[in-house]
Amino acid sequence: LHVDDDDGQLGHDAEATWRALCEGRSGVSFITDFPIEKLRSDIAAFVRDYDPLKHLSPKETDIYGRVVPFALGAAIEALGQAGLDHPKGEDEIARPGDSSRLGADPARVGCLMSTGQGAVDIFEQQILKSADRGPRAVSPFFIPSVMLNVVSALVSMRYGLLGPSYNIASACATGTHSVATSALMIEAGEADVMVAGGCEAATRLNTVAGFGNARALGRSIDGDPTKTSRPFDKKRNGFVMGEGAGALVLEEEEHARRRGAKVLARVAGFGMTSDGYHLTGPHAEGLGLRLAIERALARAGIGPGDVGYINPHATSTTQGDVAEVAALKQVFGDALASIPVSATKSMLGHLLGGAGGVEAAVTVLSVRDQRLHPSINVDEIDPALQLDLVREARAADVRYALKLSAGFGGHNCALLFARA
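Small disclaimer: the values here were computed from a predicted structure and weren't measured.

Colleague: Can you help me understand the overall build of the protein chain in this one?
Modeller: Along its length, the protein chain carries 13 helices and 13 strands. Relative to the 2.2 N^0.38 estimate, which gives 22 Å for 420 residues, the radius of gyration of the protein chain is 20 Å and therefore close to what a compact globule would have. With the C-alpha coordinates of the protein chain rotated into their principal frame, the extents come out at 60 × 55 × 45 Å. Taken over 420 residues, the protein chain has a buried fraction of 57%. At a minimum sequence separation of 6, the contacts of the protein chain that also span at least 24 residues come to 74%. Charge centroids of the protein chain, computed over 41 positive and 51 negative side chains, lie 2 Å from each other.

Colleague: Is there a simple way to think about helix H3 (residues 67-81) in this case?
Modeller: It helps to recall that an α-helix has 3.6 residues per turn; residues three or four apart then point in one direction. Helix length check: H3 (15 residues) gives 22 Å between terminal C-alpha atoms against 21 Å at 1.5 Å per residue, within 8%. Most of H3 is tucked away: 12 of the 15 residues are buried. The set of residues buried in H3 consists of Val67, Val68, Pro69, Phe70, Ala71, Leu72, Gly73, Ala74, Ala75, Ile76, Ala78 and Leu79. Structurally, H3 contributes buried residues whose contacts are with strand S3 (109-115), helix H6 (150-159), strand S4 (193-200) and strand S5 (244-251). Where H3 terminates, the next one or two residues include Gly83, which has phi positive at roughly 80°.

Colleague: Please explain the sheet that holds S5 as it appears in this structure.
Modeller: Pairing between sheet strands relies on hydrogen bonds along the backbone, with the strands arranged either parallel or antiparallel. With mixed pairing, 3 strands are arranged side by side in an open sheet as S3-S4-S5. Edge positions in the open sheet fall to S3 and S5, since each of these has one partner strand only. Pairs of neighbouring strands in the sheet enclose a mean axial angle of 10°, with direction left out of account. Summarising the sheet, S4 and S5 pair through 8 bridges and their orientation is antiparallel. Paired with Cys199 across the two strands is Ala245, which belongs to S5. H3 contacts S3, S4 and S5 of the sheet and is inclined by roughly 35° relative to S5. Sheet contacts for H6: S3 and S4; angle to S3, the most-contacted strand, approximately 150°.

Colleague: Which parts of the structure should I look at to understand the nonpolar core?
Modeller: As a rule of thumb, nonpolar side chains are buried together in soluble globular proteins. Val68 and Met113 are the most contacted members of the largest nonpolar core, which totals 34 residues. If you list the elements that add at least two residues to this core, you get H3, S3, H6, S4 and S5. The dominant element in this core, judged by the number of residues it contributes, is H3, at 10 residues. Filtering out sequence-adjacent residues up to four positions away, Val68 remains in contact with Leu56, Val150, Val151 and Leu154. One finds Ile293, Ala314, Val341 and Leu385 within the second-largest nonpolar core, a separate group that totals 32 residues.

Colleague: Please clarify how the packing of H3 against H6 should be interpreted in this entry.
Modeller: When two helices pack together, their arrangement is given by the angle between the helix axes and the distance between those axes. At their nearest, the axes of H3 and H6 sit 10 Å apart, and the two run at 45° to each other. It follows that H3 is oblique to H6 by the angle criterion. H3 and H6 meet at a crossing whose hand is right-handed. Across from Val68, Ala71, Leu72, Ala75, Ile76 and Leu79 in H3, the residues of H6 making contact are Val150, Val151, Leu154, Val155, Arg158 and Tyr159. Tallied by class, the residues present in the contact of H3 with H6 amount to 11 nonpolar, no polar and 1 charged.

Colleague: Could you clarify how one ought to interpret the packing of aromatic side chains in this entry?
Modeller: Describing an aromatic ring pair means giving the distance of the ring centres and the angle of the ring planes. Within this structure, the stated rule accounts for 4 aromatic pairs. Their ring planes at 70° and their centres at 5.3 Å tell us that Phe123 and Phe142 sit as a pair that is edge-to-face. Separated by 19 residues along the polypeptide, Phe123 in helix H4 (residues 120-133) and Phe142 in helix H5 (residues 142-146) bring together distant segments of the chain. Here Phe142 falls in the buried class, since its relative accessible area comes to 13%.

Colleague: Would you mind going over the pattern of salt bridges with me for this structure?
Modeller: Opposite charge on two side chains permits them to pair, given that their charged atoms come into close proximity. Per the stated rule, a full pass over the model turns up 23 salt bridges. Two residues, Arg368 and Glu15, come together in a salt bridge whose shortest N-O distance is 2.9 Å. Note that Arg368 is positioned in helix H13 (residues 355-369) and Glu15 in helix H1 (residues 14-22), a separation of 353 residues in sequence. Given the relative accessible area of 29%, Arg368 is considered partly exposed. Across the salt bridge formed by Asp369 and Arg368, the nearest N and O atoms sit 2.7 Å from each other. You can call Asp369 partly exposed: its relative accessible area is 34%.

Colleague: Honestly, the state of the cysteines in this entry has me stumped. Any pointers?
Modeller: One covalent bond between the sulfur atoms of two cysteine residues makes up a disulfide. The final tally for this structure, using the stated rule, is 0 disulfides. We note that Cys199 lacks a disulfide partner, and the nearest cysteine sulfur, in Cys111, lies 9.0 Å from it.

Cut-offs used in this document
All residue numbers refer to position in the chain's written sequence, counted from 1. Local features are withheld for residues below a pLDDT of 70 in this predicted model, meaning they are given only at 70 or higher, and side-chain atom pairs are given and counted only at 80 or more; totals for whole chains, interfaces and linings count all residues. Excluding hydrogens and water, the side-chain figures rest on all heavy atoms present in the structure. In this description a helix means any DSSP run of H or I spanning at least four residues, a strand means any run of E spanning at least two, and both kinds are numbered starting from the N terminus. Radius of gyration: C-alpha atoms only; globule rule: 2.2 Å multiplied by the number of residues to the exponent 0.38. Type-normalised accessible area, obtained with a 1.4 Å probe on protein chains alone, sets the label of each residue: buried when under 20%, exposed when over 50%, and partly exposed for intermediate values. Only heavy atoms enter the contact rule, under which two residues are in contact if any of them lie within 4.5 Å. In this tally, Lys and Arg are treated as positive and Asp and Glu as negative; His is ignored, and so are the chain termini. Taken as the charge centre is NZ of Lys, CZ of Arg, CG of Asp or CD of Glu, depending on the residue. Under the convention used throughout, the expected extent of a helix is 1.5 Å for every residue step, that is, one less than its residue count. The rule for pairing is simple: two strands pair if DSSP sees at least two bridges between them. All axes are obtained by fitting lines to C-alpha atoms, using only the stretch in contact for helices, and the reported angles, taken between N-to-C directions, cover 0 to 180 degrees. Here, nonpolar core refers to any group of buried Ala, Val, Leu, Ile, Met, Phe, Trp, Tyr and Cys residues whose side-chain atoms link them within 4.5 Å. Each angle receives one of four descriptions, namely roughly parallel if under 35 degrees, roughly antiparallel if over 145, roughly perpendicular if within 65 to 115, and oblique otherwise. Crossings are sorted by hand: turned counterclockwise from the far helix by less than a right angle, the near helix makes the crossing left-handed, and turned clockwise it makes it right-handed. The nonpolar class holds Ala, Val, Leu, Ile, Met, Phe, Trp, Tyr, Cys and Pro. Asp, Glu, Lys and Arg form the charged class, and all remaining residues, Gly among them, are polar. A pair of aromatic rings is counted whenever rings of Phe, Tyr or Trp (Trp by its six-membered ring) have centres within 6.5 Å, and the orientation is called stacked for planes under 30 degrees apart, edge-to-face for over 60 and tilted otherwise. The rule for a salt bridge is simple: a side-chain nitrogen of Lys or Arg has to be within 4 Å of a carboxyl oxygen of Asp or Glu. Cysteine sulfurs are considered disulfide-paired once they come within 2.5 Å of each other.

Structural data, given as structure tokens:
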């Protein structure tokens, strides 16, 4: 996510964003892209000044939605850091077993770069065009540009990846589900390497209206948009919509060792569950999320006492924060009060389907650097939600870090990352 320095914003790449998070900078600003007079929210966390021509041709920028260049940027950065950023030639055909270009067998490399909402901007644009000029005015690229799997398809096409490639859509758990499912695919022998993450660019008039009318969004506080996203604070009153993308490259350990890849962290465990309860509200006791955490711990073969950091879902909604802490208390008991917790959404806002990808990457950086970013806007912790919230960036000794996500529909995912 990017915001200019003079506006308190963040970065276009992992390291710049990580530095900004550790400094406690907010990426939330007033909405200026469309009228807000009749909306219930006036703020969002936008990506600013990101040039789509870095990854797309001029024609492609007209075809694809805003989410595509964000996602491509994240995937390309991740593949580059992993030593696999070798796009195929325009007329080249990738061949199974030919690792000469990519550095890995393309038949053993896949992509789950997923979005929950897709190209909302293109959908709105083409519907308006049809209403104004008739159906013959609709672009022939309309369908491929708005299909959710377009991002994974474009990454696979760019690199000639022949392994599993599709989209997972589970609302706000989309990104974490993509990481967990990618790890599961590697475990199952379907791939040696997976590009996994989440992306979203759905902050449009109608989506802000929909979330706002559902009383899910917060407004600027005292004329300051940066104060609104305040997970676990007593005065929290809704989440802030955000946009962007985050990607990880997951790789089978021996395969990575043979390549001489630099390992940042290990996926030690994961758990995926459902609430079976309500379409938009979390289970009041955090039942599904608790089960996801327990499954992640069991798969990792560790106990609750081994977890040294928690990056929560933490949307800043009254119901969501309570349910999440209820799940954590059931797993960690009294020890929860001594485990550092920091909410990335306090600065980035809520990236919906992109949240899990970005926050998983942030959790990996926390484990890599043994450093925790703060939760901002915590003026007074809700008495019912007593946690060891990180108020200022701090060094930490973290062997295992837990990342949580929960989405509309009752979808839950827990990821456990271990120090490399």
